[in-house]
Amino acid sequence: MVKDSYLVGLIGSGIGPSLSPALHEREADRQGLRYVYRLIDIDTLGVPPEAVGDLVRAARDLGFDGLNITHPCKQLVIEHLDALAPQAEALGAVNTVVFEGGRAIGHNTDVTGFAASFARGLPDASLERVVQLGAGGAGAAVAHATLTLGAERVTIVDALGDRAADLADGLNRHFGVGRAAAGTPDQLGRLLGSADGVVHATPTGMAAHPGLPFAAELLHPGLWVAEVVYRPLETELLRAARGVGCATLDGGGMAVFQAADAFRLFTGREPGSGRMLADFSEIVAESSVGEAV
């Protein structure tokens, strides 16, 4: 059935400054759609991340067409869904839920979003040895994307050692033995010293979580640095990396491409990714504070 009216939303913590509503609604306006994008902030509601299941059910009952899911609910939401798309199932993380015939179907557009952004922003980057910080929902997605892009080996470092080990095990099952490994924060100096690049996929650097995820002294000019955080667009990590001559990739491209892929899932219509990239640049120029997708 062809529709011209959509109600969608975003569930997460500290999402007030998210650019997702503007990105979706501007593209919908160009396509002649009535499209309302609501923020459902668990902090504002005063509920824990574990309430995500209740929020998903409420949105379905209220007639929402779909939801985006962000930190810290991308993994918690899974048990409350009726089915998962293959990629979301492989990842164990969901960032997009589509309501179809009363059922809630989980998808993940972070993978395709990061892959498209990386191919566009760091097309010549060496992918022999990659270090990734963060093994949460976003971390699972970007690790899959990095290996899909051709990385020979990705070492996952997380403050929770078991989480890093579990993600590495899952990656090895999916991509082949030896493609992923788990590391610990105290090994970062050695790991980064011999790495081609580092992907940062933790909340550190967001407006609500300022700071560096590791000591700036560990950066070196031979390292490329890719960031998942997009608000602020220039995190402390990217600023430090540029200062020592690293090639860098901010989180803006991932934010746009994952939004475009989610828009396609919600509406069945083809988004204009180029137009959405231009929207993003314009919106960021108009706004000086922010958070992450």
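Residues numbered from 1 in each chain as written. Predicted model: local features only at pLDDT ≥ 70, side-chain atom pairs only at ≥ 80, totals over all residues. Heavy atoms only, no water.

Trainee: Where do I start with the overall build of the chain in this structure?
Mentor: Across its full length, the chain carries 11 helices and 12 strands. Relative to the compact-globule value of 19 Å for 293 residues, the chain shows a C-alpha radius of gyration of 18 Å, a close match. Its C-alpha atoms give the chain principal-axis dimensions of about 55 × 40 × 35 Å. Looking at the chain as a whole, 52% of its 293 residues are labelled buried. Considering only contacts in the chain between residues 6 or more positions apart, those separated by 24 or more positions represent 71%. (Helix = DSSP H or I, 4+ residues; strand = E, 2+ residues; numbered from the N terminus. Rg over C-alpha atoms; globule rule 2.2 N^0.38 Å. Buried < 20%, exposed > 50% of the residue type's maximum accessible area, 1.4 Å probe, protein only. Contact = heavy atoms within 4.5 Å.)

Trainee: Any chance you could explain the UniProt feature "binding site: shikimate" (unreviewed entry) in the chain here in plain terms?
Mentor: Per the UniProt entry, the sites bearing "binding site: shikimate" (unreviewed entry) are Ser18, Leu19, Ser20, Thr70, Asn95, Asp110, Tyr230 and Gln258 in this numbering. Secondary-structure assignment places Ser18 in the loop between strand 1 (5-12) and helix 1 (20-30). Under the relative-accessibility criterion, Ser18 is labelled buried at 9%. Apart from residues no more than four positions distant in its own chain, Ser18 is found in contact with Leu10, Leu39 and Tyr230. Judged by its relative accessible area of 1%, Tyr230 falls in the buried class. (UniProt positions renumbered as here; feature names shortened; annotations may be inferred.)

Trainee: Quick question: what am I supposed to make of the pairing of strand 8 (residues 153-157) here?
Mentor: Put simply, side chains in a regular strand alternate between the two faces of the sheet. Within strand 8, 4 of the 5 residues are buried, which leaves it mostly tucked inside the rest of the structure. Both strand 7 (residues 129-133) and strand 8 contribute to a ladder of 5 bridges, which runs parallel. Looking at strand 8, one finds that Val131 is bridged to Thr155. One ladder, built from 4 bridges, connects strand 8 with strand 9 (residues 180-183); its direction is parallel. Its bridge partner lying in strand 9, Thr155 is registered against Ala181. (Pairing = 2+ DSSP bridges.)

Trainee: Before we go on, may I ask you to explain the packing of aromatic side chains in this structure?
Mentor: Two aromatic rings, taken as a pair, are described by how far apart their centres are and by the angle between their planes. All chains considered together, the criterion is met by 5 aromatic pairs. Centroid distance Tyr35 to Phe263: 5.5 Å. Interplanar angle 25 degrees. Geometry classified as stacked. Of this pair, Tyr35 sits in strand 2 (residues 34-41) while Phe263 sits in helix 10 (residues 252-267), placing them 228 residues apart in sequence. Taking the centre distance of 5.0 Å and the plane angle of 70 degrees together, the rings of Phe118 and Trp224 count as edge-to-face. Pair noted here: Phe118 is in helix 5 (residues 110-121) and Trp224 is in strand 11 (residues 224-227), with a separation of 106 residues, a long-range link. We classify Phe118 as buried; its relative accessible area is 3%. An aromatic cluster of three or more residues is present, and its members are Tyr6, Tyr35 and Phe263. (Phe/Tyr/Trp six-rings, centres within 6.5 Å; stacked < 30°, edge-to-face > 60°.)

Trainee: Before we go on, may I ask you to explain the sheet that holds strand 2 in this structure?
Mentor: For sheets, the rule is that strands pair by backbone hydrogen bonds, running either parallel or antiparallel. Strand order in the open sheet formed by 6 strands is 2-1-3-5-6-4, with mixed pairing between adjacent strands. Only two strands of the sheet have a single partner each, and these edge strands are strand 2 and strand 4 (83-84). By the bridge criterion, 5 bridges tie strand 5 (residues 96-100) to strand 6 (residues 103-107) in an arrangement that is antiparallel. Considered in strand 6, the bridge of Phe99 is made with Ala104. Strands in contact with helix 10 are strand 1, strand 2, strand 3 (66-69), strand 5 and strand 6; relative to strand 5, the strand with the most contacts, it is inclined by about 10 degrees. (Axes fitted to C-alpha atoms, helices over the stretch in contact; angles between N-to-C directions.)

Trainee: When you look at the UniProt feature "domain: Shikimate dehydrogenase substrate binding N-terminal" (unreviewed entry) in the chain in this model, what are you seeing that I'm missing?
Mentor: Within this numbering scheme, the UniProt entry marks residues 10-97 as carrying the feature "domain: Shikimate dehydrogenase substrate binding N-terminal" (unreviewed entry). The span residues 10-97 is 35% helix and 22% strand, and its two end C-alpha atoms sit 10 Å from each other.

Trainee: Before we go on, may I ask you to explain the sheet that holds strand 11 in this structure?
Mentor: Strand order in the open sheet formed by 6 strands is 9-8-7-10-11-12, with parallel pairing between adjacent strands. Each end of this open sheet is capped by a strand with a single partner; those strands are strand 9 and strand 12 (248-249). Relative to strand 10 (residues 197-200), strand 7 runs parallel, the two being bridged by 4 bridges. Bridging across to strand 10, Gln132 finds its partner in Val199. Across the sheet, helix 9 (residues 236-243) touches strand 10, strand 11 and strand 12, and the angle it forms with strand 11 is around 165 degrees.

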